[in-house]
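Here's the letter readout for the chains.
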Amino acid sequence: DTAVSQTPKYLVTQMGNDKSIKCEQNLGHDTMYWYKQDSKKFLKIMFSYNNKELIINETVPNRFSPKSPDKAHLNLHINSLELGDSAVYFCASSQEGGGVSYEQYFGPGTRLTVT
Amino acid sequence: QKEVEQDPGPLSVPEGAIVSLNCTYSNSAFQYFMWYRQYSRKGPELLMYTYSSGNKEDGRFTAQVDKSSKYISLFIRDSQPSDSATYLCAMEGDGSYDKVIFGPGTSLSVIP
């Protein structure tokens, strides 16, 4: 039973296109995240939602728009894709304990390639 | 100076060796210290976490935190080929909804 799932696993698209990545968690967690991992394996947070409310919004181009229809889902929509958007995008979830999220469960990642 | 620094490796050791992985950080507000393991083409998974300074042991793994030096370590005893992965240190303050900051990861290969 997959705890955090993402679709699609691979995404190859051309510059200028719009694409979405979906994430679902069945752990009953309150908080979900989107991370970007670049080619040097550096994992950087993009967004965080707690109970459908945006709580972390890093300096990310506004071409990236997260949407959380319910606390089990957090989707990422990207407009006007650029070459620099090529990376692996990870969804994660955690159960906050007093606002501390140290144990995060990650999905398998979506490998985005923009050509 | 980056908030969290980690030697990216790659680190290659023979099976059975003791492995030492380290991170340094600059933000004294960090209170929670984690080690994640990431296998190739998979998501990171939490290995261990410690709160504040001290040691924590779990099987072959020992995590150490020295807040006075802003230095954390992960030791792997009797390393196995299955330990071959990238190890990411991560840190978080204890404020509400502080973001977790990850190090760039160290790539480890354990050679049979």
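Structure: above.
Remember, predicted model here, so these are calculated numbers, not experimental data. Positions within a chain are numbered from 1, following the residues in the order the chain's sequence is written. The order in which chains are written sets their letters, starting at A; the order in which ligands are written sets their numbers, starting at 1. pLDDT decides what is reported in this predicted model: residues at 70 or higher carry local features, side-chain atom pairs at 80 or more are listed and counted, and totals for whole chains, interfaces and linings draw on all residues regardless. Processing note: side-chain calculations cover all non-hydrogen atoms of the structure and skip hydrogens and water entirely.

A. The sheet that holds strand β7 (residues 61-66) of chain B, seen in detail. Residue and element names in this part refer to chain B. Strand pairing is assigned whenever DSSP identifies at least 2 bridges connecting the two strands. Each helix is a run of DSSP H or I of at least 4 residues and each strand a run of E of at least 2, with the numbering of both proceeding from the N terminus. A sheet is described by the order of its strands in space; here 5 strands give the open sequence β1-β3-β8-β7-β6, paired in antiparallel fashion. What marks the edges here is a single partner per strand, and that holds for β1 (4-6) and β6 (54-58). Going from strand to strand, the sheet's axes swing by 15° on average, the running direction of each strand aside. Two elements, β6 and β7, share 5 bridges in a ladder whose sense is antiparallel. By the bridge assignment for β7, G54 is matched with V65. Helix axes are fitted to C-alpha atoms over the stretch in contact, other axes to C-alpha atoms as well, and angles between N-to-C directions run from 0 to 180 degrees.

B. Main features of the packing of aromatic side chains. Note on aromatic pairs: the rings of Phe, Tyr and Trp (six-membered ring only in Trp) are paired at centre separations within 6.5 Å, and the planes decide the class, stacked below 30 degrees, edge-to-face beyond 60, tilted for the rest. In this structure the tally under the stated criterion is 11 aromatic pairs over all chains. Judged by centre distance (5.3 Å) and plane angle (45°), the rings of Y35 of chain A and F106 of chain A are tilted. Of this pair, Y35 of chain A sits in strand β4 (residues 31-37) while F106 of chain A sits in strand β10 (residues 105-106); the two residues are 71 residues apart in sequence, bridging distant segments of the chain. In this structure, Y35 of chain A and F106 of chain A share a single accessibility class: buried. Ring geometry for Y36 of chain B against F102 of chain B: centres 5.3 Å apart, planes inclined by 55°, an arrangement best described as tilted. In this pair, Y36 of chain B is assigned in strand β4 (residues 30-38) and F102 of chain B in strand β10 (residues 101-102), connecting sequence segments 66 residues apart. Pair check on accessibility: Y36 of chain B and F102 of chain B agree, each one buried. An aromatic cluster is defined as three or more aromatic residues linked by ring pairs; in this entry it consists of Y33, Y35, F90 and F106 of chain A together with Y36 and F102 of chain B. Throughout this description, the term charge over a ring refers to an Arg CZ or Lys NZ atom that lies within 6 Å of the ring centre and within 35 degrees of the ring normal. Looking at K56 of chain B, its charged tip hangs above the ring of Y49 of chain B, at a distance of 4.1 Å from the centre. Per-residue accessibility, obtained with a 1.4 Å probe over protein chains only, is compared with the maximum for each type, and a residue is labelled buried under 20%, exposed over 50%, and partly exposed between these values.

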